[in-house]
Every structure is written in C-alpha cells, then in structure tokens.
Amino acid sequence: MLVTDSTLHILDALMDDPDVEEFWVNDLDAIYFAQLGKTKRIEQTLDHNDLSLWIERQLMSTHRRLDLSSPFVDATLPDGSRLHVAIADVVRRGWSINVRKFLRRFNRLESLIQAEELDERMALILEAAVINGFNIVIAGGTGAGKTTLLNALLSKVPDHERILTCEEVCELVVAHNDWVSMQTRMRGLQGNGEIDLRELIRQALRMRPERLIVGEVRGAECLDLLLAFNSGQPGMATVHANSVAEAVLKLCTLPLLAGSNINSDFVVPTVARSVDLIVHVARDNSGIRRITEIGALTGEIKSGQPVCHTLLRWDGAQWMKTAADFPRTRAHEIVDLNLLWRGL
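Note that the coordinates shown come from a computational prediction; the quantities given were computed from them, not determined experimentally. (Residues numbered from 1 in each chain as written. Predicted model: local features only at pLDDT ≥ 70, side-chain atom pairs only at ≥ 80, totals over all residues. Heavy atoms only, no water.)

(A) Region of the structure containing the pairing of strand E4 (residues 72–76). Burial within E4 is extensive, with 4 of its 5 residues counted as buried. Bridging between E4 and strand E5 (residues 82–87) involves 5 bridges; their strand directions are antiparallel. Its bridge partner being in E5, Phe72 is matched across the sheet by Ala86. In this structure, the hairpin formed by E4 and E5 is closed by a connection of 5 residues, where Gly80 is found at a positive phi of approximately 95°. (Buried < 20%, exposed > 50% of the residue type's maximum accessible area, 1.4 Å probe, protein only. Helix = DSSP H or I, 4+ residues; strand = E, 2+ residues; numbered from the N terminus. Pairing = 2+ DSSP bridges.)

So, in structure tokens, the structure goes:
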C-alpha cells in the first residue's frame, strides 16, 4: 500500500486500496485501517490543514455540512463508501474520522459463499425467500456485514419488481433497473428542513414500491416498517442485535418509541405475523464475517413474545441444522420451503 508524508496521499491510498475494508483517524497521529479482517496502524502524523482540505473535498458532492453548529456529518461518497466525521468540541482531541468502504466484490451471494460467509444451502434458502417476497430482517453488530448481506440479497429480487430503499445515508448499491434510493436530510441552519426515516418510509409507500428496504432500523421508524410489512408490502431491513432472539426483542420494543399510544399488545402480534426470517451475521476475533444463525417466526406468541425457531446455527466449525423440520410460517402460503430444505 502506498503511504507517503502527505496527508492527502495517505488517505487517498487507503481509499484506493481494494483490500482495505475500513479506515479511521482518532487524531492526527492515530491512523488505523482494517485489512482482511485485521486492524493495523500507520505510524505517521497527518497535517491539520491538509486533513481539513481532504474532508472538505470528500463532502463537496454530498451536500452535507460540517461546522460548529453541526459537529457531526454522515455522508455517502461517490464510490459508495460511507464517511463519518466528528469534530471539536464534541471530540476531545479534535478529530474522529471513519470511512467504511463499499466493496463491490461482495455484492452477490455467490461472492459471500466464496468468502465462506455462508454455504450453498443457506444461499438457496435465502434466494428462495427473496424471490418469493419474504420479509427478512438482518441483524448483527457494527461492521458485521449486515449491509453487505442485504446488498447481496437485493441482487436476487426479480428484475420486473420496483425497489425503494430508505437509509440514513445511502450505502446500498443495487444492480437493478427499477430502483429509487432515498436518504435522510439534516436540518438546515435555520433548524428546519429535516427529513427522517419515518418520513422516507411514508413517502416510499406512495411511490409504488414492490420491495421496501430500510437500511438500518434504529428507532420509531420500526413501527412504520412493521405496518408496511403487515399490509402485505414485501421488504427487508437491518437492525443492530447480538442474536436472532435479541433482534426479535428489539423489533418488539423499538416501535414503542413512536408514542405513548403504541403498546406491546399491538406491536408483538404485528412482529409475529409480518416478519418471516431473521438472519444474524457476526465477525469473529479473527475478523471473519459469517452468518451465525437463521431463524423463522411462526406467527405464534408465547410468554408475550413472538415464537422464533432457529433453522441453522454456526457451532464454531460448521453450520448445523437445529430444527427437526422447517417451521410453518406465513411465507409457506407462497412457497413450501420444507421440500427445498429436505432436498439439501
């Protein structure tokens, strides 16, 4: 990898290196990057003025600002990478910069099989689920590969269907003809003009979506997503969670943030009957990302929570089938995955 004394050259070299997955700057003398799952440090010091110019150059095409009144910025760069910057006085030492790169080589399920993030039988099940309009939620921690897997699943959406994606910052890049990508907007200098995910989802539903995709569900927008799923609108989303069980719990609690008139008596049955599959992805200590669990909701409720059966789980060495039979779900009205599963 090319590294020189110039700040611009150091950061541009990291941007251009296809093996660098992510890089971040904690301070002028603290530069790190992730390469093939391993974290490494560059023992050089950046120039403050050059770093400011580099950030300004990156933001030129994003129409997003970074100043004392708005000390955070989250933006999509022209190549699809995601940039996040925080400045003083929010950041103690002055700078916090993170660039999560979009790796085009992992935009299909076949590429993820080669990277051993899943195996062929899992890919067949997920492909069948996507083609037949299952509502799928992908769960995992930060940097686990949620967006990468979602992007790969979107490659299996039939060509004739219209896709609407809603994200805080555009990260998804869909190889699909009929696709509209929308992202949130920060409030302006006058304190108005903000567009949040809830508004994007509501507007997307007026745009004839055949697949509604929400890049990451963090708050009250979960209610709008579930309402769309429950009305027969096929879609997918991602959520931060450490397991399938925690993802189910989060889907049942996030909608409560929408207001005091929303309660569990409404939310829990909606989750149980509108979400079909939950796929959990994780990154292990060696930096390898893989699907660790696939669960299917049956539509039933026990002890006040939706019933979710685990279909596959990574046991540390291989993927194991954990259910005696593929559970009956709402999606079986569309396609009988029992036959597919038994034939694998």
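(B) Highlighting the pattern of salt bridges. Within this structure, the stated rule accounts for 19 salt bridges. A salt bridge links Lys156 to Glu110, with the nearest nitrogen and oxygen atoms 2.8 Å apart. A residue pair is termed long-range when its members are at least 10 positions apart, and Lys156 in the loop between helix H5 (146–154) and strand E8 (163–167) and Glu110 in helix H3 (residues 109–114) qualify at 46 residues. The exposure class of Lys156 is buried, given its relative accessible area of 11%. What you see here is one network of salt bridges that share partners, running through Arg198, Glu199, Arg202 and Asp224. (Salt bridge = Lys/Arg side-chain N within 4 Å of Asp/Glu carboxyl O.)

(C) Looking closely at helix H9 (residues 264–274). Listing the buried residues of H9 in full gives Val267, Val268, Pro269, Thr270, Val271, Ala272 and Ser274. On the buried face of H9, the contacting elements are helix H7 (221–230), helix H8 (244–253), strand E13 (289–302) and strand E14 (305–314). If you check the start of H9, you find a side-chain oxygen 3.1 Å away from the backbone N of Asp265, and it comes from Asn263. (Contact = heavy atoms within 4.5 Å. Polar contact = N/O pair within 3.5 Å; in protein donor to acceptor, adjacent residues only side chain to side chain.)

(D) Here's a closer look at the environment of Thr142. With respect to the element layout, Thr142 can be found in the loop between strand E7 (136–140) and H5. A C-alpha to C-alpha distance of 10.0 Å links Thr142 and Asn242, two positions 100 residues apart in sequence. Residues within four places of Thr142 in sequence aside, it is in contact with Arg100, His240 and Arg283. Among the polar contacts listed, one links the side chain of Thr142 to the side chain of His240, at a separation of 3.1 Å.

(E) Expanded view of the nonpolar core. If you look at the biggest cluster of nonpolar residues, it comprises 34 residues, and the most contacted ones within it are Cys166, Val271, Val275 and Ile278. The set of elements that each furnish at least two residues to this core consists of E7, E8, helix H6 (197–204), strand E10 (211–217), H7, strand E11 (235–240), H8 and H9. When neighbours within four sequence positions are excluded, Cys166 is seen to be in contact with Met182, Leu197, Leu200, Ile201, Ala204, Leu212, Ile213, Val214 and Gly215. Among the nonpolar cores identified, the runner-up in size contains 32 residues, and Leu112, Ile213, Ile291 and Ile294 belong to it. (Core = buried A, V, L, I, M, F, W, Y, C linked by side-chain atoms within 4.5 Å.)

(F) Representation of the sheet that holds E7 within the structure. Spatially, 9 strands are ordered E9-E8-E10-E11-E7-E12-E13-E14-E15 in an open sheet, and the strand pairing comes out mixed. Each end of this open sheet is capped by a strand with a single partner; those strands are strand E9 (179–183) and strand E15 (319–321). Taken over all neighbouring pairs, the strand axes of this sheet differ in orientation by 25° on average, direction set aside. Packing of H8 onto the sheet brings it into contact with E7, E11, strand E12 (277–283), E13 and E14, and relative to E14 it is tilted by some 150°. (Axes fitted to C-alpha atoms, helices over the stretch in contact; angles between N-to-C directions.)

(G) How the structure looks around the packing of H6 against H7. Contact geometry for H6 and H7: axes closest at 8 Å, N-to-C directions at 20°. The angle between H6 and H7 places the two elements in the roughly parallel class. Crossing hand, H6 versus H7: left-handed. Note on element contacts: H7 touches H6 through Glu221, Leu223, Asp224 and Leu225, opposite Leu197, Arg198, Ile201 and Arg202. Classifying every residue of the contact of H6 with H7 gives 4 nonpolar, no polar and 4 charged. (Parallel < 35°, antiparallel > 145°, perpendicular 65-115°, else oblique. Left-handed = near helix turned anticlockwise from the far one by under 90°. Nonpolar A, V, L, I, M, F, W, Y, C, P; charged D, E, K, R; others polar.)

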